[in-house]
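Coordinates in review
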Amino acid sequence: MFSLPRCAPVLALASLLLLGSAPGRAAAVELAGVQLEERITVAGSPLLLNGAGIRYKAVFKVYTAGLYLGQKASTTEAVLATTGPKRMRITMLRDIDSAELGKLFSRGMEDNMDRSAFSKLIPGVLRMSQVFSDHKKLREGDTFLVDWVPGTGTVLTIKGQVEGAPFKEPEFFDALMRIWLGPKPADWQLKDALLGKAR
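In this report, the structure presented in the accompanying data block is examined. (Residues numbered from 1 in each chain as written. Predicted model: local features only at pLDDT ≥ 70, side-chain atom pairs only at ≥ 80, totals over all residues. Heavy atoms only, no water.)

Observations concerning the sheet that holds strand E11 (residues 161-162)
Paired through their backbone hydrogen bonds, the strands of a sheet run either parallel or antiparallel. For clarity, the threshold we go by: When DSSP finds two or more bridges between two strands, those strands count as paired. Secondary structure elements are defined from DSSP: runs of H or I of at least 4 residues count as helices, runs of E of at least 2 residues count as strands, and each element is numbered from the N terminus. Whether two residues are in contact is decided by their heavy atoms: any pair within 4.5 Å suffices. The convention used is that axes are lines fitted to C-alpha atoms, helices contributing only their stretch in contact, and that angles between N-to-C directions extend from 0 to 180 degrees.
In spatial order, the strands read E3-E4-E5-E6-E9-E10-E11; together these seven strands make up an open sheet with antiparallel pairing. On the outer flanks of this sheet lie strand E3 (39-42) and E11, each paired with one strand and no other. By the bridge criterion, two bridges tie strand E10 (residues 153-158) to E11 in an arrangement that is antiparallel. Residue isoleucine 158 lies in a different strand from E11, and its bridge partner there is glutamine 161. Packing against the sheet, helix H6 (residues 170-181) makes contact with strand E5 (60-69), strand E6 (86-92), strand E9 (143-149) and E10, and its axis sits at approximately 135 degrees to E9.

Overview of unusual backbone geometry
Basically, it comes down to this: A simple rule labels every residue: compare its accessible area, found with a 1.4 Å probe on the protein chains alone, to the largest value its type can have, and call it buried under 20%, exposed over 50%, or partly exposed in between.
In this model, alanine 58 sits at a positive phi of 60 degrees, which is unusual for a non-glycine residue. Located in the positive-phi region is lysine 159, a residue other than glycine, with phi close to 55 degrees. The topology assignment puts lysine 159 in the loop between E10 and E11. Residue lysine 159 is classed as partly exposed on the basis of its relative accessible area, which comes to 40%.

What follows is the structure in structure tokens.
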């Protein structure tokens, strides 16, 4: 005779595990209470979570970041060379002045590019800074997306709302990615995490 009662807890656990990995259901990674889906779709293309991490300022958690690509990449060069849509997803872990964040991003772009290349992007950088300034404040839990959509450009979505016209130049998206993945990244541990090199 089979002892069903004794097997029941094991079967229940197995069922839960199978449900969590069932086809069509995207598992999620959790960082500081923020859920990042393993698989998403951008502009009709399936993307994978390449890596995710937390941006620290001293001992304080500032935001989570998740990088989504069509295929896995473990170097900055490979990320930039990847074709198709891409996404960087940022979720705030504390309140921050939006204008200040915009300035930090502008500085991060400038620090990771040569001066002549950066000067060509200044109109876009100023427009991006204005977008963040208009929001006044990003609060804990607010999310913004930086999407690269081939044929469209870089699309900024803040708190669920697309902000203005896309930034057409591919160089603009690459410059944004270098904030986190360049030779002088905002946070070295976050860079490694986005490139899938750290737990």
